[in-house]
Amino acid sequence: MAPAEVLSGKIVSAQVRERLKKQVAEMKEKFPGFRPGLAILQVGNRDDSNLYINMKLKAAAEIGISANHIKLPNTATEAEVLKCIASLNGDPAVHGFIVQLPLDSDKPINTEKITNAVAPEKDVDGLSSINAGKLSRGDLGDCFIPCTPKGCMELIRQTGIQVAGKRAVVVGRSKIVGAPMHDLLLWNHATVTTCHSKTSTLAEEVAKADILVVAAGKAEMVKGEWIKPGAVVIDCGINHVPDSTKASGKRVVGDVAYSTAKEKASYITPVPGGVGPMTVAMLMQSTVESAQRFLEKFQPGKWNIRYNQLTLKMPVPSDIEISRSCIPKPIDQVAKEAGLLPDEVELYGQTKAKVQLSALRRLQDQPNGKYVVVTGITPTPLGEGKSTTTIGLVQALGAHLHQNVFACVRQPSQGPTFGIKGGAAGGGYSQVIPMEEFNLHLTGDIHAITAANNLVAAAVDARIFHELTQTDQALYNRLVPPVNGVRKFSDIQIRRLQKLGINKTDPAALTKEEINVFVRLDIDPATITWQRVLDTNDRFLRRITIGQSPTEKGFSRTAQFDITVASEIMAVLALADGLDDMRMRLGRMVVASSKKGEPVTADDLGVTGALAVLMKDAVKPNLMQTLEGTPVFVHAGPFANIAHGNSSVLADKIALKLVGKDGFVVTEAGFGADIGMEKFFNIKCRYSGLRPHVVVLVATVRALKMHGGGPAVAAGVPLPKEYTEENLQLLTKGCSNLSKQIQNAQIFGVPVVVAVNAFKTDTKAELALVVQLAKTAGAFDAVECTHWAEGGKGAVALAQAVQRASQAPSNFKFLYNVELPVTDKIRLIAQQIYGASDIELFPEAQEKVTLYTKQGFGNLPICMAKTHLSLSHDPEQKGAPTGFILPIRDVRASVGAGFLYPLVGTMSTMPGLPTRPCFFDIDLDPVSGEVNGLF
């Protein structure tokens with residue numbers, strides 16, 4: 001009989017790698033930017049493990065697989081390893097994932113627990129119990145097979161021998177080779193016998209084998225004379241035996257006596273060079289197969305998301321009834337569907353979570369999606385449905401047009417929730433859910449802002465008090481106390497010294513004059529602009545006297561409370577680009593001026609670090625979902641008058657990366673386009689560097705009739721007949737406001753889509769007239785919407801119009817250059833956005849402009865604080881007034897946030913409660929714990 005033909009694993013594995021290389025190239029061509037991903041997790045630093053891993057990394061690079069080697073120290077605990085595995089399980093860029101065994105750790109680690117923690121769909125080593133179970137049941141197309149048995153089968157196939165019907169013997173029963181090899185041969189229809197160390201008739205069983213696979217781990221255990229003539233012999237063993245002819249004094253042999261076995265077998269694998277090279281090749285093949293399965297289920301760049309099906313009812317139930325009728329998806333599922341990794345998500349129960357800023361760093365090289373801002377015409381006091389339109393639009397884009405889409409909205413204040421407005425989660429069948437979570441504490445961001453703001457206020461008054469009652473040396477001793485006999489400046493004190501031009505770090509080196517300027521902020525109480533805040537409407541805190549206690553030694557002053565969302569810290573949160581940027585903005589906040597007219601900052605007070613600590617969790621965006629299951633970021637809620645009225649830059653940036661280049665991020669700007677949209681462009685986009693693609697301008701027949709001369713409307717009062725009966729003349733006249741707001745958006749070079757939010761009292765003729773006049777005024781498109789009653793289905797036409805508009809040229813530009821004088825910037829906004837003929841600065845406003853310019857703040861953007869009920873300063877002036885003089889009563893600075901805000905007319909930053917507040921209807925069910933009466 002002729003000697004056996006040698007089955008070279010080196011040759012076959014090279015063929016496999018070449019085939020895989022072509023498959024990966026085809027994937028990349030079909031899906032640009034896509035690469036199969038392999039992660040190798042190693043614990044410790046064993047030399048043999050390092051060698052094997054390097055072989056795998058080299059093979060992956062040759063084929064075109066993106067391989068990532070994660071190395072944990074040998075001090076890693078089981079919990080740390082499991083946390084790392086959970087992160088890799090959730091990473092959509094990882095298609096194959098192996099844990100290099102053995103685990104080289106000083107700590108006790110359960111290997112079985114570790115291998116079973118690997119997601120079965122990524123377990124390309126095939127070692128998890130789930131994959132082993134599927135293999136044993138014959139589910140070969142739905143599992144991963146351990147690499148060595150898989151390589152053995154590939155070598156057997158190379159012989160051309162039909163496996164079905166043959167008698168196969170496997171020597172060895174390990175979980176890695178023997179047991180899965182038995183199952184693999186069995187489900188390829190061989191008759192299989194497994195032998196092991198306790199088999200008493202081993203030679204007899206081997207002699208029956210047409211196919212023999214040996215994985216016993218014992219040198220030359222199977223003798224050549226045992227082998228059936230013509231058998232196929234696969235030797236998986238690697239053993240070292242003494243050999244004085246070798247430089248190392250030993251040589252490598254298999255589990256089969258090769259020299260005699262090859263005389264009887266028809267095919268045989270050598271050792272080394274047989275099964276060994278195949279193991280790495282099969283690992284690569286399994287990784288490519290996993291990537292192919294991924295592509296079959298998921299189109300790269302497209303989320304695999306489960307949408308909730310709405311059951312629409314007529315008449316439309318209350319908002320809380322609708323919210324309760326929908327079972328939200330677990331928020332970790334929403335996060336996974338949107339492409340977030342497990343370790344980027346902090347769960348706050350089942351329906352809300354915070355997202356780590358590390359997600360933005362991970363995604364920094366991803367292209368941004370399309371950026372859409374929802375704004376509105378000048379509203380009635382009832383509101384025209386911007387939030388509802390925002391949510392309806394994202395539900396249409398996601399659940400109905402199957403686009404990746406994120407909504408980014410502001411967190412509402414509890415003041416209006418319990419006051420006159422009620423909830424702000426959208427409405428009808430276009431809501432963020434659960435609405436009670438959305439409208440109440442959420443994750444505590446507003447409470448963190450309240451604490452941080454009031455810490456600054458306390459620091460201001462305490463500093464004034466201590467400077468009034470102590471000498472320079474006493475202040476210095478308390479500000480820089482000796483610790484264990486040694487004085488040392490803190491980092492924030494070093495910054496203050498540098499600001500003062502004192503380049504010293506030794507507290508003992510300061511002169512008396514230097515100590516004086518260091519310890520004395522010399523705050524002028526008349527210039528204090530920093531107020532305390534509370535997230536409750538309380539009109540009796542609008543003007544208070546503080547310092548009445550005898551312990552304050554006669555230092556009292558008049559002060560006030562604002563509502564928390566009016567705090568500059570809220571605006572800082574909304575405009576911050578990251579944790580470090582937020583910290584710097586907090587430090588720059590100006591709280592007062594010194595008696596010399598110099599600005600006093602939070603950094604001067606020494607409070608910056610403490611503020612950053614209080615805000616460290618608030619800076620992370622909050623994740624929720626809509627009724628139809630599309631993701632929503634709820635983050636920051638600055639006032640839309642004295643602040644810029646937009647959700648956070650960070651939420652928008654993370655969302656734009658997550659949706660990908662073909663996806664959409666829809667955000668909302670507070671109040672009408674003359675306020676929220678103008679500030680979105682001139683302030684938010686200026687700081688974020690983001691450029692919008694589309695403006696969605698929300699209009700209602702009701703508001704346009706008001707602008708045409710209709711009577712006043714108010715909450716809780718029946719609408720006058722002008723609003724419930726068709727009146728095309730009144731409507732036509734009121735469309736002057738719509739035309740002006742379209743023009744305002746076009747000033748910035750962005751296409752405008754008008755969303756006509758239909759109410760049940762609107763007639764077809766009225767809705768058609770608004771659509772026609774909007775297009776005549778220059779809108780890219782105008783669409784009737786019924787999303788309040790129909791959810792995303794009622795906004796599909798709007799979503800399609802937004803898609804088309806996003807492809808149109810967007811020549812975005814700012815209204816003004818920040819280097820212009822403050823007065824010129826204010827005048828540009830007044831004339832071009834509001835329609836004023838000019839502005840008039842009151843003496844106090846002129847003084848502030850001079851002061852802020854002198855202090856170096858003249859190049860900040862402008863954030864106009866005016867009524868939202870008119871394009872002018874007078875809420876009674878409707879339509880599109882022109883020729884008026886805009887009065888500027890005062891100008892104030894939010895230096896940390898980064899803008900100056902002129903005050904147009906009078907306005908309160910602390911709302912009051914109405915005669916019948918919303919809280920009359922709110923209660924808690926004592927049995928279920930559910931919130932009742934919130935709307």
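Treat the numbers as computed from the prediction; the structure is a model and nothing was measured. (Residues numbered from 1 in each chain as written. Predicted model: local features only at pLDDT ≥ 70, side-chain atom pairs only at ≥ 80, totals over all residues. Heavy atoms only, no water.)

S.K.: Outline the overall build of the protein chain, supporting the account with residue identities and numerical values.
M.R.: In terms of helices and strands, the protein chain carries 34 helices and 35 strands. Principal-axis analysis of the C-alpha atoms gives the protein chain an extent of 110 × 85 × 55 Å. In the protein chain, buried positions account for 56% of the 935 residues. A fraction of 74% describes how many contacts in the protein chain between residues 6 or more apart in sequence connect residues 24 or more apart. Summed over its atoms, the accessible surface of the protein chain is roughly 38500 Å², and 53% of this surface lies on carbon and sulfur atoms. Charge-centre separation for the protein chain: the mean point of 100 positive side chains lies 3 Å from the mean point of 91 negative side chains. (Helix = DSSP H or I, 4+ residues; strand = E, 2+ residues; numbered from the N terminus. Buried < 20%, exposed > 50% of the residue type's maximum accessible area, 1.4 Å probe, protein only. Contact = heavy atoms within 4.5 Å. Areas by Shrake-Rupley, 256 points an atom, 1.4 Å probe, with all protein chains shown as cover. Lys, Arg positive; Asp, Glu negative; His and termini not counted. Charge placed at Lys NZ, Arg CZ, Asp CG, Glu CD.)

S.K.: Describe the nonpolar core, listing the residues and the values that go with them.
M.R.: Side chains that are nonpolar tend, in soluble globular proteins, to be buried together. In this structure, Phe 406, Phe 633, Phe 681, Leu 738, Val 754, Leu 886 and Ile 888 are the most contacted members of the largest nonpolar core, which totals 148 residues. Here the element with the most residues in this core is helix H17 (residues 445-469); it accounts for nine residues. Membership of the second largest hydrophobic core comes to 53 residues, among which are Ile 145, Leu 184, Val 288 and Ala 291. (Core = buried A, V, L, I, M, F, W, Y, C linked by side-chain atoms within 4.5 Å.)

S.K.: Describe the environment of Leu 72, listing the residues and the values that go with them.
M.R.: Mapped onto the secondary structure, Leu 72 falls in strand E3 (residues 66-72). With a relative accessible area of 17%, Leu 72 lands in the buried category. Here the alpha-carbon distance between Leu 72 and Asn 45, two residues 27 residues apart in the chain, equals 8.7 Å. Among all residues touching Leu 72, those that are not within four sequence positions of it are Leu 41, Gln 42, Val 43, Gly 44, Glu 80, Val 81 and Cys 84.

S.K.: Explain helix H14 (residues 386-400) to me, and be specific about the residues and the numbers.
M.R.: Taking 1.5 Å per residue, 15 residues should reach 21 Å; H14 reaches 20 Å between its end C-alpha atoms and fits that length. Of the residues flanking the end of H14, it is His 402, one or two places downstream, whose phi is positive at about 55 degrees. (Expected span 1.5 Å × (residues − 1).)

S.K.: Explain a nonpolar patch on the surface to me, and be specific about the residues and the numbers.
M.R.: On the surface, a nonpolar cluster with roughly 310 Å² of combined accessible area is contributed by Leu 51, Tyr 52 and Met 55. Mapped onto the fold, Met 55 is located in helix H2 (residues 47-63). (Patch = residues over 30% accessible without salt bridge, like charges linked within 9 Å, V, L, I, M, F, W, Y side chains within 5 Å. Salt bridge = Lys/Arg side-chain N within 4 Å of Asp/Glu carboxyl O.)

S.K.: Give a detailed account of the UniProt feature "domain: Tetrahydrofolate dehydrogenase/cyclohydrolase NAD(P)-binding" (unreviewed entry) in the protein chain, specifying residues and quantitative values.
M.R.: In this structure's numbering, the residues bearing the UniProt feature "domain: Tetrahydrofolate dehydrogenase/cyclohydrolase NAD(P)-binding" (unreviewed entry) are residues 146-293. For the annotated span residues 146-293, helix accounts for 34% and strand for 19% of the residues, and the straight-line distance between the end C-alpha atoms is 18 Å. (UniProt positions renumbered as here; feature names shortened; annotations may be inferred.)

S.K.: Can you explain the environment of Asn 308? Please cite residues and give values.
M.R.: Tracing the sequence through the fold places Asn 308 in the loop between helix H10 (275-297) and helix H11 (319-325). Classification of Asn 308 by relative accessible area gives buried; the value is 8%. Separated by 345 residues in the primary sequence, Asn 308 and Lys 653 have C-alpha atoms spaced 26 Å apart. Residue contacts for Asn 308: discarding those within four places in its chain leaves Cys 326, Ile 327, Lys 329, Gln 625, Thr 626, Leu 627, Glu 628 and Gly 629. A distance of 3.4 Å separates polar atoms of two side chains, one belonging to Asn 308 and the other to Arg 306. (Polar contact = N/O pair within 3.5 Å; in protein donor to acceptor, adjacent residues only side chain to side chain.)

S.K.: Let's hear about the packing of helix H29 (residues 728-747) against helix H33 (residues 822-834): which residues, and what values?
M.R.: At a minimum axis separation of 9 Å, H29 and H33 run at an interaxial angle of 130 degrees. Classified by the angle their axes make, H29 and H33 are oblique. The residues of H33 that touch H29, namely those facing Lys 740, Asn 744 and Ile 747, are Gln 832, Ile 833 and Tyr 834. Considered class by class, the residues forming the contact of H29 with H33 number three nonpolar, two polar and one charged. (Axes fitted to C-alpha atoms, helices over the stretch in contact; angles between N-to-C directions. Parallel < 35°, antiparallel > 145°, perpendicular 65-115°, else oblique. Nonpolar A, V, L, I, M, F, W, Y, C, P; charged D, E, K, R; others polar.)

S.K.: I'd like a rundown of empty space enclosed by the protein, residues and numbers included.
M.R.: A full pass over the atoms with the stated rule returns three cavities of 30 Å³ or more. The volume enclosed by the largest cavity comes to roughly 50 Å³. Considering the residues around the largest cavity, the lining is formed by Phe 97, Ile 98, Val 99, Thr 115, Val 118, Asp 123, Asp 125 and Leu 127. Here the lining of the largest cavity gets three residues from one element, more than from any other, and that element is strand E4 (residues 96-99). Of the residues contributing to the lining of the largest cavity, the split by class is five nonpolar, one polar and two charged. (1 Å grid on protein atoms, 1.4 Å probe; cavity = no way out; pocket = protein on both sides within 12 Å on 5 of 7 lines; lining within 4 Å. Points joined across faces, edges and corners; volume = space filled by probe spheres on them.)

S.K.: Could you give an account of the sheet that holds strand E6 (residues 191-195), naming the residues involved and the relevant values?
M.R.: Strand order in the open sheet formed by six strands is E1-E11-E8-E7-E5-E6, with parallel pairing between adjacent strands. On the outer flanks of this sheet lie strand E1 (5-6) and E6, each paired with one strand and no other. Alignment of E1 against strand E11 (residues 267-268), held across two bridges, turns out to be parallel. Across the sheet, residue Val 6 finds its bridge partner in E11, namely Ile 268. (Pairing = 2+ DSSP bridges.)

S.K.: Mind laying out the UniProt feature "domain: Tetrahydrofolate dehydrogenase/cyclohydrolase catalytic" (unreviewed entry) in the protein chain, listing which residues take part and the relevant values?
M.R.: Taking the numbering used here, the UniProt-annotated feature "domain: Tetrahydrofolate dehydrogenase/cyclohydrolase catalytic" (unreviewed entry) corresponds to residues 7-125. Measuring from the first to the last C-alpha atom of residues 7-125 gives 23 Å, for a span that is 50% helix and 15% strand.

S.K.: Describe the pattern of salt bridges, and please don't skip the residues or the numbers.
M.R.: In total, this model carries 42 salt bridges according to the counting rule given. A salt bridge links Glu 112 to Lys 175; the nearest nitrogen and oxygen atoms lie 3.5 Å apart. Here Lys 175 lies in the loop between strand E5 (167-171) and helix H7 (178-186) and Glu 112 lies in helix H4 (residues 111-117), a separation of 63 residues in the sequence. Judged by its relative accessible area of 37%, Glu 112 is partly exposed. On the accessibility criterion, Lys 175 (63% relative accessible area) is exposed. Put simply, Arg 362 and Glu 344 hold a salt bridge, and the shortest N to O gap is 2.5 Å. Placement of the pair is Arg 362 in helix H13 (residues 358-362) and Glu 344 in the loop between helix H12 (331-337) and strand E12 (345-347), with a sequence separation of 18 residues. Salt bridges sharing common partners tie together Glu 346, Lys 616, Asp 617 and Lys 620.

S.K.: Let's hear about helix H21 (residues 568-575): which residues, and what values?
M.R.: In terms of residue burial, H21 counts as a mostly covered element, since eight of its eight residues are buried. If you check which residues of H21 are buried, you get Glu 568, Ile 569, Met 570, Ala 571, Val 572, Leu 573, Ala 574 and Leu 575. Of the surrounding elements, those touching the buried residues of H21 are H17, helix H22 (579-588), helix H25 (649-659), helix H26 (673-688), strand E32 (890-894) and strand E33 (899-903). If you check the start of H21, you find a side-chain oxygen 3.1 Å away from the backbone N of Ile 569, and it comes from Ser 567.

S.K.: I'd like a description of the pairing of strand E28 (residues 752-757), backed by residues and values.
M.R.: E28 sits mainly inside the fold: six of its six residues count as buried. Both faces of E28 are covered, namely the face carrying Val 752, Val 754 and Val 756 and the face carrying Val 753, Ala 755 and Asn 757. Sheet analysis places strand E27 (residues 694-699) next to E28, joined by five bridges and oriented parallel. What sits directly across from Ala 699, in E28, is Val 756. Note that E28 and strand E29 (residues 781-785) share five bridges and pair parallel.

S.K.: Just give me the short version of unusual backbone geometry, but keep the residues and values in it.
M.R.: In this structure, Pro 315 follows Met 314 across a cis peptide bond, with omega equal to -5 degrees. Of note, Pro 315 is situated in the loop between H10 and H11. Put simply, Ile 433 and Pro 434 share a cis peptide bond, and its omega is -10 degrees. Assignment of secondary structure puts Pro 434 in the loop between strand E17 (430-433) and helix H16 (435-439). The phi dihedral of Asp 522 falls on the positive side, at around 55 degrees, and the residue is not glycine.

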